[in-house]
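Breakdown of the fold
The primary structure of each chain is shown beneath.
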Amino acid sequence: MSDPRVSDPRALPRPGRTVVVGVVNVTPDSFSDGGRWYEPQAAIGHGRDLVAQGADLIDVGGESTRPGADRPSQDEELRRVLPVVESLAPLGVGISVDTMRPEVARQAVACGATLINDVSGGMADPQMLTTVAELGVPYLLMHWRGHSLDMQSRAVYHDVVTEVRDELARQVEVALAAGIAEQRLVLDPGLGFAKTAEHNWALLRRADFLDPLGLPVLWGVSRKAFLGRLLANGEQLRPAVERDDATVAVTTALALAGAWGVRTHTVRAHRDAIAVAEQLRHR
């Protein structure tokens, strides 16, 4: 199968295995790395390293979406992400931009971004879906119930699996009606967004629950708090940067289940885990 990194840059990668999306947080307050890649040159260097490790896509984000985070201004978000996108775009891998703002999406695509990752699934700004349709790039639509400041107060479900599936299905219909082509849509269950640890585990145990919607599914598990709680020492959560091994274990399970993609803060170990899972699945 052809290498996705030399095909149509605006097509979703289809390498015949689970796709690995490497995360570059250009923020001072990320839960996962504490602003380590906040300066543009540091972020660009980190992105290059993830590409060298085998990332299929690089996801550049200028707004922290950890619980309780304040939003930066649009101008600040643009200042953070555009130089990084412009520098990484010539490397030959797809560049995703993690944003809820249509103008950020528009300018990022003009700088070379090939996918928009909107954690609000088009709900934070009513212009996002029509903007993405006009841009003609793939769109990652996540399950969302509200902004970071209050999203955990909305983590109330009778049946989290059914409700997340149904809420995503409704938003897919909205995206299609706005003009986004079905073949350009990817879904994300939104682990950690308006969900408790047990909600996250319930969704992972039913990793095929979105199959009836017939769209690729990306899972964002990397370093999240529910893993820190699982590995806690008493009441002390395992620090975010020490959750990578557990994240790789989840990637292995998802690859065995046939997931389209995983979003991770490291790449090589996940590529290795996926290679093992592919051997177990097909050989």
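It should be emphasised that the depicted structure is a prediction, and the values quoted were computed from it without experimental measurement.

Here we come to the sheet that holds strand E2 (residues 57-61). With respect to topology, 8 strands assemble into an open sheet ordered E6-E5-E4-E3-E2-E1-E8-E7, the strand pairing being parallel. Here the strands that pair on one side only, and so sit at the sheet edges, are strand E6 (185-188) and strand E7 (218-220). Ignoring strand direction, the axes of neighbouring strands in this sheet form an average angle of 25°. Judged from the 3 bridges that link them, strand E4 (residues 115-118) and strand E5 (residues 139-142) form a sheet pairing that is parallel. Bridged to Asn117 within E5 is Leu140.

Another aspect to go through is the packing of helix H3 (residues 102-110) against helix H4 (residues 128-135). Two elements in contact, H3 and H4, have axes whose closest approach is 9 Å; the angle formed by their N-to-C orientations is 15°. Here H4 runs roughly parallel to H3, going by the angle between their axes. Pair H3 / H4 crosses with right-handed handedness. Across the interface between the two elements, Pro102, Ala105, Arg106 and Val109 from H3 touch Met128, Thr131, Glu134 and Leu135 from H4. Its residues assigned to classes, the contact of H3 with H4 shows 5 nonpolar, 1 polar and 2 charged.

Attention now moves to the packing of aromatic side chains. Per the counting criterion, the structure on display carries 2 aromatic pairs. Centroid distance Trp201 to Phe226: 5.0 Å. Interplanar angle 80°. Geometry classified as edge-to-face. Remark: Phe226 occurs in helix H7 (residues 225-230) and Trp201 occurs in helix H6 (residues 197-205); sequence separation between them is 25 residues. Looking at Trp201, the relative accessible area reads 21%, which means it is partly exposed. When the ring of Phe209 is compared with that of Trp219, the centres are 6.4 Å apart and the planes differ by 65°; the resulting orientation is edge-to-face. Separated by 10 residues along the polypeptide, Phe209 in the loop between H6 and E7 and Trp219 in strand E7 bring together distant segments of the chain. Comparing Phe209 with Trp219, the two get one shared label, buried.

Basis of the calculations
Residues numbered from 1 in each chain as written. Predicted model: local features only at pLDDT ≥ 70, side-chain atom pairs only at ≥ 80, totals over all residues. Heavy atoms only, no water. Pairing = 2+ DSSP bridges. Helix = DSSP H or I, 4+ residues; strand = E, 2+ residues; numbered from the N terminus. Axes fitted to C-alpha atoms, helices over the stretch in contact; angles between N-to-C directions. Parallel < 35°, antiparallel > 145°, perpendicular 65-115°, else oblique. Left-handed = near helix turned anticlockwise from the far one by under 90°. Contact = heavy atoms within 4.5 Å. Nonpolar A, V, L, I, M, F, W, Y, C, P; charged D, E, K, R; others polar. Phe/Tyr/Trp six-rings, centres within 6.5 Å; stacked < 30°, edge-to-face > 60°. Buried < 20%, exposed > 50% of the residue type's maximum accessible area, 1.4 Å probe, protein only.

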